[in-house]
Amino acid sequence: MTQDELKQKVAQAALDYVKGLSIIGIGTGSTVYHFINGLADFKADIEGAVSSSEASSAQLKKVGIPVLDLNAVGTLDVYVDGADEINPNKQLIKGGGGALTREKIIAGASKKFVCIADGSKRVDILGAFPLPVEVIPMARSYVARELVKLGGQPVWRENCVTDNGCHILDVHNLSIMEPLTLEKTINNIAGVVTVGIFAMRPADVVLVSQGEEVITF
């Protein structure tokens, strides 16, 4: 199966986690794109969705699902999103698509976080995928210097402005042995909006497609 077919397969499997729910949280990315398309088949049962990005919001509206404000909804039952890397403890690296801050907010506001991905995203140790860090624009150089002190090599993601009007630094060459500690450390750097480590709020359920199977852990 192609990687896109694997993404479609796992996205289809995730639909079981939201059936019967009127309001759901929706993430961002290529796997979530297939998930949103799958939601169209039972959109009549869905009152609306809270979305982590403008791109996902546009797609939800395209398939006929209203987009709701998290402030008006409160706690969500389920949030479905992808990941760039997933370790055995269900801790993640996210932010390749640039929506890490809103993704982290919605994940935190949800009772259950269902992560969907193709099997290539499973790793033993996080960090081979460059770690995204969203920063206030004026702090970009300062934060980059602080990230160098932590052993990383930050690269400004040029021509990328997040939905929050911020910049992203992609940090290369990190071997993240203690995700929770590093998440807290980077979040405490002045000027950082958030870091793309999801360890304080890891996934509750991970679905990955490998060959003809969808594995749950």
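Worth saying up front: this structure is predicted, and the values here are computed from it rather than measured.

Conventions and cut-offs
- Residues numbered from 1 in each chain as written.
- Predicted model: local features only at pLDDT ≥ 70, side-chain atom pairs only at ≥ 80, totals over all residues.
- Heavy atoms only, no water.
- Helix = DSSP H or I, 4+ residues; strand = E, 2+ residues; numbered from the N terminus.
- Buried < 20%, exposed > 50% of the residue type's maximum accessible area, 1.4 Å probe, protein only.
- Axes fitted to C-alpha atoms, helices over the stretch in contact; angles between N-to-C directions.
- Parallel < 35°, antiparallel > 145°, perpendicular 65-115°, else oblique.
- Left-handed = near helix turned anticlockwise from the far one by under 90°.
- Contact = heavy atoms within 4.5 Å.
- Nonpolar A, V, L, I, M, F, W, Y, C, P; charged D, E, K, R; others polar.

Participant: I tried to follow unusual backbone geometry on my own but got confused; where do I start?
Facilitator: Glycine aside, negative phi is the norm for most residues, and most peptide bonds take the trans geometry. Even without glycine at this site, lysine 90 takes up a positive phi of about 65 degrees. Mapped onto the fold, lysine 90 is located in the loop between β4 (85-86) and β5 (92-93). For lysine 90, a relative accessible area of 22% corresponds to the partly exposed category. One non-glycine residue, asparagine 159, adopts positive backbone phi at about 65 degrees. Along the chain, asparagine 159 turns up in the loop between β8 (153-156) and β9 (167-172).

Participant: Please explain the packing of helix α1 (residues 3-14) against helix α2 (residues 30-39) as it appears in this structure.
Facilitator: Axis angle and axis distance: for two packed helices, these are the angle between their axes and the distance between the axes, and together they describe the pair. Between α1 and α2, whose axes approach to 8 Å, the crossing angle comes to 50 degrees. As summarised for this structure, α1 and α2 are arranged oblique, according to the angle between their axes. Here α1 and α2 pass one another in a crossing that is right-handed. For the pair α1 and α2, contact is made by Asp4, Lys7, Gln8, Val10, Ala11 and Ala14 and by Ser30, Thr31, His34 and Phe35, respectively. Residues belonging to the contact of α1 with α2 are distributed by class as follows: 4 nonpolar, 4 polar and 2 charged.

Participant: What am I meant to see in the side chain of arginine 157 here?
Facilitator: Positionally, arginine 157 belongs in the loop between β8 and β9. Taking the relative accessible area as the measure of exposure, arginine 157 reaches 17% and is therefore buried. Among all residues touching arginine 157, those that are not within four sequence positions of it are Gly95, Gly96, Gly97, Gly98, Pro132, Ile168 and Asp170.

By themselves, these figures tell us nothing about what the structure is for.
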